Amino acid sequence: MSTTTQTQTATKFGITTDIAVPRGPTQSTLTFFAPPTDGSKPWNLAGDNVDNPPPGVAQRNYELFTHEVTIQDIRGRESSFDFNVNGFGTISGVKSEEKEFNDDAHIEKVYYPEVERLLLDNAAGAQRVFIFDHTIRRSDPNAKRAPVNRAHIDQTTKSAEARVQLHMKDEAEELLKGRVRLINVWRPLNGPVVASPLAYADSRSVPDEDIVGVEHRYPDRTGETAGVKYTEQGQWYYWSGMTNEERILLQCYDSKDGARTPHSAFVDSRTQKDWPGRESIEVRALVFG
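Residues numbered from 1 in each chain as written. Predicted model: local features only at pLDDT ≥ 70, side-chain atom pairs only at ≥ 80, totals over all residues. Heavy atoms only, no water.

Draft legend 1. Local environment of helix α2 (residues 104–122). Its 19 residues give α2 an end-to-end C-alpha distance of 25 Å, which sits within 8% of 27 Å, the value for a rise of 1.5 Å per residue. The sharpest bend along α2 comes to roughly 40 degrees, located at Tyr-111, with the proline Pro-113 sitting one to four residues further on. Those residues of α2 that sit buried are Ile-107, Val-110, Tyr-111, Tyr-112, Val-115, Leu-118 and Leu-119. Residues of α2 that are buried make contact with β6 (88–91), β7 (128–138), β9 (180–188), β14 (247–254) and β16 (279–288). (Helix = DSSP H or I, 4+ residues; strand = E, 2+ residues; numbered from the N terminus. Expected span 1.5 Å × (residues − 1). Bend = angle between axes of the 7 residues up to and from the residue. Buried < 20%, exposed > 50% of the residue type's maximum accessible area, 1.4 Å probe, protein only. Contact = heavy atoms within 4.5 Å.)

Given below as structure tokens:
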């Protein structure tokens, strides 16, 4: 594979350094879903159940397996991808007033309106946006949430519609008659990303039969995400050296066109040990219209 580099400035522990960021296609081993051997509904523990599982209950009832895939770089051809077609798309040159990302209340006050505006301006037909949560991930052993090295989709049709019912209350039934999308807006916090980059598959390249609903069993409720089986048809991509002013839009659900985006963090063999670990935030929103 042909790899080039481009020097960018990165920060680790408050110290800036120049890094020759790898560009071009790469190969990595991704983790995929394998159904329970007994044919039962797949499930895993979630939330507080992960750290404090009920006595005698396993963490999950399905298997995971790994497979090497080629991951193509979209850098330099970003305009070739449309999140309504491919399930993912890019936005560049985005400024933000939120700088620290250490206070959830401040993130909701300052960053959420920026994401709402971004979606209204870039999701064709969008008339209304409701942001329901965010997750910050840091490549740190002490971090609450780390990058997820497992191919998955944040929501299924069932859980996306349940989100509408949960958050939109009396308006839900009427809103569900129109177009509903669930979009994950993803960005780094310490770009350029040079470790644990995010990979995503072209939605059209992963057949419906290779996407399986998995129950997320919390102490007080049951949600659902989607596990992704390996398929030779899968076409995987990443955006090399993503900066803090770049955004990936991952379409997790679309009631109109059905685009849904498998994604996963991955280990890039070109990453050097002294390079900073990835920090990122993903904001999930319901988009109506």
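Draft legend 2. View of the sheet that holds β16. A sheet is described by the order of its strands in space; here 5 strands give the open sequence β6-β14-β9-β16-β7, paired in antiparallel fashion. Only two strands of the sheet have a single neighbouring strand rather than two, namely β6 and β7. Strand-to-strand, the axes of this sheet are offset by a mean angle of 25 degrees, without reference to chain direction. The pairing of β9 with β16 spans 9 bridges and is antiparallel. Across the sheet, Val-180 pairs through a bridge with Phe-288, a residue of β16. (Pairing = 2+ DSSP bridges. Axes fitted to C-alpha atoms, helices over the stretch in contact; angles between N-to-C directions.)

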